[in-house]
Amino acid sequence: MPAPSDASDLDRNDIQGMAMRPYRFPAAHYHLLGVSDPARARRWFGGAAGRCTTVANLDASPSLGFNVALSWQGLSAIGTPKPCLSSFPQEFQQGMAARADRLGDVGDSAPARWDAPFDKSVHALVVVSAMTAADRDAASTALLSDISDNGLTALAAIDAKLLPGPDGRPVPIEHFGYRDGITQPAIEGSSEPILPGAGIPDTDGWRALKAGEFVLGQPDETGVVPDLPAPASLSRNGSFVVLRKLHQHVFAFREFLRRSATNDIDVALLAAKMMGRWPSGAPLALAAERDDPALAGDPMRNNQFTYSDDLRGLNCPVGAHVRRLNPRSGLTGSNGASVHRHRLLRQGLPYGSRLPADATADDGAARGAIMLLVNADIARQFEFVQKVWINDGDFAGLGNDKDPMIGGNDGSGSFTIPRTGAPRRRLPNLPAFVSTRGGEYFFLPGIAALRSLADSLAVSLADTAS
């Protein structure tokens, strides 16, 4: 087993767990809250600090997880002083809906079509994670009872859990039928093992990314500690969480493949080319011709590649979904110089039931994924990936091509598949297979900072009054 990442100066008891480690809980409720009484809500947030799951807590593999984050509107609603609010990054202050054009959230994904409560301000996110749905439900019931008299209003609770596999047991597969969650960044100080492909290629194999790429107040990949929102006591050891509610058009995806392919074998190949992996999770970079479940099931091999030997995309197309989200060493020149500065730690789970494999029509059910994307710099990490890597093909010489799976396709774009000894294959008239149904930017405070919200209430109100 590879050695775990290490950063001795990190206070792992002060950092919320989802800021540094991928969650492997099979079930979660994503509670979206509003603030109705600032004073009582602030005391509740301060008291909730002691219940939050930290990076250190995860060493013991707990059966429950509990995490708390606030939007900029939420920080404002609990009475955070204006100088503090104005010191946060502009994209966080504006919120996701206001940045829709930049993110490609237009047409069917536009904020006007978002589900409640994302059609108005959401002040807080409380994530209740559990190893069983029953434990999750019990913890959520207790949470809702607790907030009812503490100045908070429950706006919605999104039910999310792993989908059932062939034997009925939950498996990490998303609604299109592909194994999910393989590629996660190794982060210094997380105590996660540095698996091949999880970090940055190094002379000794792979190294973890600097903690400052995900945690505020820590050195990032440049060796610098970026400026913190003020006061530092509030922002240090915090992070930003990007929540995206994505609806998956599963039947439309299946129909597109059937129309575009010549036979069932071709259907499977086209889907793998668009995704960049086979259903088992085996990467095209290592298994270009056919699926390889044994390879997929080996964590020492299933991510051990860089794309540097496949710059033309003959094995895995340059525009494939997983390659866009993490181009590794597969970009040349200046485009490839800072790939590691745009990494994201992905949390989240599917919501809704699976569409039966023999479905002959779209059943109209809500199904998709709740994505929680953790980063220290929303603009440089999430928004760059969304705008450039997902929705702009020029970064890799692909012109107007967008991500074939989650890009803002409208039926006019295409997907390009290079081939050896034959003209490239183009799939035209690419529709949207994913639509945004809501989202927001949240700040995930450190434990001491969250606790201080209750302690500093009187001081903050006095400052405001003066």
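Criteria and cut-off values
Residues numbered from 1 in each chain as written. Predicted model: local features only at pLDDT ≥ 70, side-chain atom pairs only at ≥ 80, totals over all residues. Heavy atoms only, no water. pLDDT = per-residue confidence, 0-100. Contact = heavy atoms within 4.5 Å. Phe/Tyr/Trp six-rings, centres within 6.5 Å; stacked < 30°, edge-to-face > 60°. Lys NZ or Arg CZ within 6 Å of the ring centre and 35° of its normal. Core = buried A, V, L, I, M, F, W, Y, C linked by side-chain atoms within 4.5 Å. Buried < 20%, exposed > 50% of the residue type's maximum accessible area, 1.4 Å probe, protein only. Helix = DSSP H or I, 4+ residues; strand = E, 2+ residues; numbered from the N terminus. Polar contact = N/O pair within 3.5 Å; in protein donor to acceptor, adjacent residues only side chain to side chain. Salt bridge = Lys/Arg side-chain N within 4 Å of Asp/Glu carboxyl O.

A. Highlighting the confidence of the model for the protein chain. In this model, the protein chain carries a mean pLDDT of 94, and residues with pLDDT of at least 70 account for 95%. Note on residues 333-337: pLDDT under 50 across the span, and 2 contacts to partners over four residues away in sequence or across chains.

B. Molecular detail of the packing of aromatic side chains. As enumerated under the stated definition, the model contains 14 aromatic pairs in all. When the centroid spacing of 5.4 Å and the interplanar angle of 75° are considered together, the rings of Trp-44 and Phe-45 count as edge-to-face. Each residue in the set Phe-88, Phe-92, Phe-240 and Phe-443 is aromatic and connected to the rest through ring pairs, giving one cluster. The ring centre of Phe-66 lies 4.3 Å from the NZ or CZ of Arg-51, which sits over that ring. The ring of Phe-305 carries Arg-328 above its face, with NZ or CZ at 4.0 Å from the centroid.

C. Looking closely at the nonpolar core. By size, the foremost hydrophobic cluster in this structure holds 108 residues, and its most contacted members are Tyr-30, Phe-45 and Met-274. In contact with Met-274, not counting residues within four places along its chain, are Phe-253, Phe-256, Leu-257, Ala-320, His-321, Pro-404, Met-405, Phe-415, Leu-427, Leu-430 and Phe-433. With 12 residues, the next largest nonpolar core counts Ala-272, Trp-278, Ala-282 and Tyr-307 among its residues.

D. Region of the structure containing the side chain of Thr-416. Secondary-structure assignment places Thr-416 in strand 12 (residues 413-417). Within the structure, the side chain of Thr-416 is placed 3.0 Å from the side chain of Asp-401, a separation counted as a polar contact. A polar contact of 3.0 Å, which involves the side chain of Thr-416, links it to the side chain of Arg-426. For Thr-416, the residues in contact, after removing those within four places along its chain, are Pro-317, Asp-401, Arg-424, Arg-425 and Arg-426.

E. Main features of the pattern of salt bridges. One pass over the structure, following the stated rule, counts 30 salt bridges. Across the salt bridge formed by Asp-108 and Arg-437, the nearest N and O atoms sit 3.0 Å from each other. Taken together, the positions of Asp-108 in the loop between helix 5 (100-103) and strand 3 (124-130) and Arg-437 in strand 14 (residues 434-444) put the pair 329 residues apart, joining distant regions of the chain. Using a relative accessible area of 30% as the deciding quantity, one classes Asp-108 as partly exposed. Note that Asp-167 and Arg-169 form a salt bridge whose closest N and O atoms lie 2.8 Å from each other. Owing to a relative accessible area of 57%, Arg-169 belongs among the exposed residues under this scheme. Each of Arg-12, Arg-21, Arg-24, Asp-59 and Glu-192 takes part in salt bridges that share partners, so that together they form one network.

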